[in-house]
Structure formats: C-alpha cells, structure tokens
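One-letter residues, chain by chain:
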Amino acid sequence: MSTKAELEEKAEGCDTSEDYVGVAREIVQDLSDKEWAAELLDEGAEWAQTTDELILFAKCAAEALEDSEKTKQYLLQAKDFAMNIDDLVNLAGAAAEIGDSDAAAEILTAAQGKCTKIADFFALSKNIKTLLSDDDLAGKPVEAAIGKCKSVADFIDCAKGVLEAFEDRDRAKTILADAAEKCKTGKDYAELAQGIVAALDDVEAAREVFGKGESALESGKDLTTLAAAAATDLKDTDYAKQLYRLAADKMEKAEELMALAKSLVESLEDKALALDVYQNAESRCTTFDQFAKLAKAILTDTGDTAAAGAVYQKTAGANPNAKQLVQVAEAMATDIQDQTAAMELLKQAELAVKSNDDFNKTAGAILKLADDPAWTEAIEDQQARRGAHKALYDDFISREGECQTAGALIILGREVVAQTGDKHYARKLYGKAEEVSNYFPEFLTVADAVAADLQDFDWVQTIYSAQLEKCVEEIDYHRIVDGVLANLSDSDWAKKIYAGLEERCDNAEAYVRLARVVLEKLGDTGWAGQIFDKAQEACDNTIRCTVVAIALQDSLGDTERARATFTKAESLSTGIKDYDALLRAATRRSEFADVVRQGLEAAEGKLSDALDLKHLAECVLNYTDDQQWARRVYQNALEAPDAKRHRTDIILSIKGRLKDEAWASKLSRQA
C-alpha cells in the first residue's frame, strides 16, 4: 500500500498513458481519492495520441472512478483519433464492453462516414448487430450502401449482404430488381442473372432479366455474352441458341462472328451451329490474317478439316507474302492432311519470295514437305547458288522489288542466268514478267526468254497459244509464226496458223499478202500458188487484179498467170482511172509491154468522154511514143459528144504534150 507522498512522486514521474492509468488506479485503491485520480487521468488524456491510449483512460474512468460521464468523454475523445473503420469498431467495442451503449452507438455512427466500399457498410452493420443488437442502427449502413450502388456488382453485394445480415429475402429481391434498371451491357445482365440465381435461387427472376437484356441490347457482342450466360446459368440450351442466332444477325465483322462461334462451342458444345457461324464469318473475311485465324478456329473448335481446308485455300487470294503462304501450306499438310493443296501453296510461296529470308523459309518448308525429287533437287541447287553468290543475290532481290514492267524482269532474268546459271530463279522472274505483261510484244519477248534460257518449250507453246486467241491484226499472226519457227521449229503449227489465217482472208490483197508470207517463211511454193489462185478469183476490180498480177510475177515468176490476171483487169476496166491503174502496173515490168499496148487499144475502144480520150492520148504518148496513134485519139476526143465543153483542155494537151502547135493554133481559130 502506497502513501500519498509516494503516489505524488509516482504521479510526477508519469511518461506514458499506461503510467497515468496505473497511478490513478493506485490512488483510488490506496487512498480512495477519486478526485485526484480524475485530475491525473485528465492530465494524461491530454497527451494521448491514439484510440488505444484513450480506451485505457475510458476503462480506468469506468472501473476505478465509476464515472460514466468521464468514461464517455474519453471514448468520444478517442473517436477523433480513429484513422479507419477498424479503429472506430474497436473503440465502439470497448464502449460496449464498458457498458456505454450510447457512446458505442455514436462511435459506430461516425464509423459509417468512413465507409467507402459496399463491404465496409455491411461489415459495419454486422458489427452494430453484434455489439449493440440494434437492428434499426444496423440498418442505416445498409441503406447507405444501397444508396451508393453504381454497378450491378454493387447491387448484388448489397442483396447478398441483406440476406446474410437480416435474412430479408424481399428486400434482396427489391435491390436486385433495381439493379436491372442499371444494366447496360450483356455482361451486366448476365452478372445480374447469375447473382439472382446464386443469391435467391430464383431461375424465373433470372429469366426475366435475360428477357430484358434480349429486348434492350443492340450489340451482337453483348447478346453473345447473354447467350453464354443463358446456357450456364439457366441451363436452357434452346434459349441460348436463340440468343446466339440473334447475336449473329447483328454482327458485321468476321472477328465478332468467330468469337460467337467459339462461345457456342464452349457453352453449348454445339459444333454444327458453330460451324454455320464460322462459315458466315468467312463471307466477311478479306485479309490473310482473318482467313488464317478463321481456318484455325474451325479446325480447333469443330474438327472439320474439309471446312478448315477450304478457308485456308482462300488465304491465297488475300495477297499473302511468302512466309504467310508457307504458314498455310504447313497447316494444310500437317493439320488438314491435304498434301496437294499444300504443294500448290508452296509453289505460290516460291513466286512470292522477296528476300533471302523468305527464300530460306520457303526452301525449308519445301524440303520438309515436298515429295517431288525434281523440285527438292531444284531447291537444293538454288540454296547452293545463293550461298555461293550471296552479294549477287542480294542485288538481284533488291532489283526484283523495283521491277515494274515485263521488260525489266526479263532483263534481270537474263542476267541471273548469265551470271549464276540459276534457271529456277529466272523461271520465277519470267513467270512474273508474263503476269505483268499487257501488250502483245511483251508476251512474245517472254516467250523468247523462256525458250533461250529455260528451254521450256511447253511454256513457250502455252504463251503462243494464249496470244493466238487474242490476235486481231495480220501482223500479230506473223509475229507468232516467227516465234513458232525460231523457238519451236514447228513448221506444222506455223502452217496450221496460216491455214486459219487463210480462212479469214476476204479480199484479193489479203490472199496476196498471205501467199507472199507462206512463200517467204515456209518456202511452200505449191501452197503459195494455191493461195494466189484464190487471189485471182477474188479480184473484183482493176486495181486488185493488177496487184495480184504483179505479185504473181514477183513471187513466182509466173508471167503467163500474171498476163492472164492483167487480161482480167482489163475486162473489169470501165473508165480512164481503171485503165490508168492497169497501165501503170503493167509498165513496171518489161515482160508486160504487150499488155500495155493491148490495154491502150482496149481503152480506145471503150472510152467516149472527151477528157477520158484526152488522157488516153497522153497515155499513148507516155507508154508508146506513137504520135500518130495519139493524134487519132486526140481527134476522137475533139469529136466526142462533150468535146465543146473541154475543147480548150484538149487543145492545150495537143500543144503541150503532142508538141503540135500548128494543129493547136488551127483548132483555136476554129473555136
């Protein structure tokens, strides 16, 4: 038992809250001096900095001083030092333990102000019930929590909290019903329905939420989420399928439909319906990545190798690069087991190579997958050449990327062959040259290069055959025949081409041109003669007959047939222009001097107009220098029915061409 003096000394030495509380208890116990003890507690409380310290003072005031007012004072003072909800709950617990329910209630009410999460409010409500058994006070944090709900998850947490804390099913239903008004996405509706089933085990209420979502949602993605939830939470396969179909109808992008199909497989294991959706997605694909992703998804999710393979094949039409083609080829060979398609894709990859890295990737796949010895040997040969001429190939590949025309590609290909002997690379370049060719001469140049460097005469023949179908002008046929003879030495095909051209001939000139070409290129005199026969038959005017006649003489040296054709020309002549053409043609060859005279005589017998006869007289002078004959023709001109109108022209011709000034003067005086 301590004396007052000893306790005074102890009081003077207090440094901690525990010191003050301990001395105060001794003062009451040893001296029964509650007033001094209260003063000491107040002094110590002024230095307190935490709720735990003030709880010590409150417990001492309650137990030692039995002073409820001071107890409450310290409890409320402690409230101001509380840093978080836990501090306040602990403080309220201490108040309850002391028996000050009012202070506990006030402290717990203050704790509500520090709540931020839904869980905080319900934890506080639970503590209120535990500490005070006050349902009304415990309900206030719950109402505050409900008022703070922003997301569906918040409402669900509140409903679960109400059920757990108060077992109030009706209130929980009301909270979840309010949550439906906050739903905006498929995830919201699905989460709410799942929460209803989990919290209330009320499938019908959950179904109502799905119905609201079905009506409100516009996005296919949101409806997909809802459909997956219908399958999982409602266990309603038919309704889930209905929602999936509705979702698909609202989707426009391939990626969205692919996600939907995957969800179908995951939630319903309905591979048939998923395949329908994937095939719908196929019509929306445009890029390589889309087709490749779709094919892989079909294979993974449905196992339908035929459908996946068909989609993989479409990647080739999406302008893939070499590495992408290799990727698809490997998938076709390994996953789809379609070796034929894989090989076709690898051939395309070869053509698409744009770098040494591309080539190495493609070559590796060919050597791994191909079973064609000739092809693999060619690849190995290229690998060796590229390894031996790395700098050259770097240059070749760079230039290939810059080539925009068939001519540039052919020049590069010829350099490749000349410098490395790599006919395989040249083949690729010539193939590209053929693809970019637009004009007839370009295709023929490709054929020349293929024949010279690759000796691939089947390819050459294919080029010529394709261009034959496009021929319009005669010269095009002749150019092809030149190539056929030079590159293929195929005179039979050349004859066939010209036989077809012969069927197209529709006038004498066309037959003449063809006959000359047959003679020049094929040396076939007999056939040329037959074509000339057709040319003779086709002559339907003087000029065409003279063309045939001269051609017969020049090409075959057949004077008699030429003379006969001139005779036909004369028979078709009716006016001075016809005879003029006949005479000019016949005078080109000395062999036809008699044809000239016969033509002049025939003209004299047929012509009757003054000017025609004047011109004929001039022709007589030009071609025979027979002045007497010319004088006779001039006289006929002067006596022609229309001579009066043309008398001056005739007189001038007599004076200028016949050189008979006397006759001209006489005629002038008579006029």
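If you're wondering where the values come from, they're calculated on a predicted model, not measured in any experiment. (Residues numbered from 1 in each chain as written. Predicted model: local features only at pLDDT ≥ 70, side-chain atom pairs only at ≥ 80, totals over all residues. Heavy atoms only, no water.)

**Examining the environment of Lys 314**
Inspection of the secondary structure puts Lys 314 in helix H19 (residues 305–314). Assessed through its relative accessible area of 42%, Lys 314 is described here as partly exposed. Once the C-alpha coordinates of Lys 314 and Phe 288 are considered, the two residues, 26 residues apart in sequence, prove to be 8.4 Å apart. Look past the residues within four positions of Lys 314 in its chain and what remains in contact with it is Glu 282 and Phe 291. Of note is the side chain of Lys 314, whose polar atom sits 2.5 Å from the side chain of Glu 282. (Helix = DSSP H or I, 4+ residues; strand = E, 2+ residues; numbered from the N terminus. Buried < 20%, exposed > 50% of the residue type's maximum accessible area, 1.4 Å probe, protein only. Contact = heavy atoms within 4.5 Å. Polar contact = N/O pair within 3.5 Å; in protein donor to acceptor, adjacent residues only side chain to side chain.)

**Some words on helix H25 (residues 406–420)**
Across its 15 residues, H25 extends 21 Å between first and last C-alpha, which sits within 8% of the 21 Å expected from 1.5 Å per residue. Residues of H25 that are buried: Ala 406, Leu 409, Ile 410, Leu 412, Gly 413, Val 416, Val 417 and Thr 420. What you see down the axis of H25 is that its buried residues fit within an arc of 165°, all on one side. Across H25 from its buried face, at more than 90 degrees, point the exposed residues Ile 411 and Ala 418. In this fold, the buried residues of H25 make contact with helix H23 (373–388), helix H24 (390–402), helix H26 (423–436) and helix H27 (440–454). (Expected span 1.5 Å × (residues − 1). Arc of directions from axis to C-beta.)

**Things to note about unusual backbone geometry**
Even without a glycine there, the phi angle at Gln 455 is positive, about 50°. Relative to the assigned elements, Gln 455 resides in the loop between H27 and helix H28 (457–468). At Ser 489, a residue that is not glycine, the phi angle is positive and equals roughly 50°. With respect to the helices and strands, Ser 489 occurs in the loop between helix H29 (474–488) and helix H30 (491–504).

**Some details on the nonpolar core**
Core analysis: the biggest nonpolar cluster contains 99 residues, and Ile 480, Tyr 498, Phe 566 and Ile 654 have the highest contact counts within it. Apart from the residues lying within four places of it in its own chain, the contact partners of Tyr 498 are His 478, Val 481, Leu 514, Val 517, Val 518, Lys 521, Leu 522 and Trp 527. (Core = buried A, V, L, I, M, F, W, Y, C linked by side-chain atoms within 4.5 Å.)

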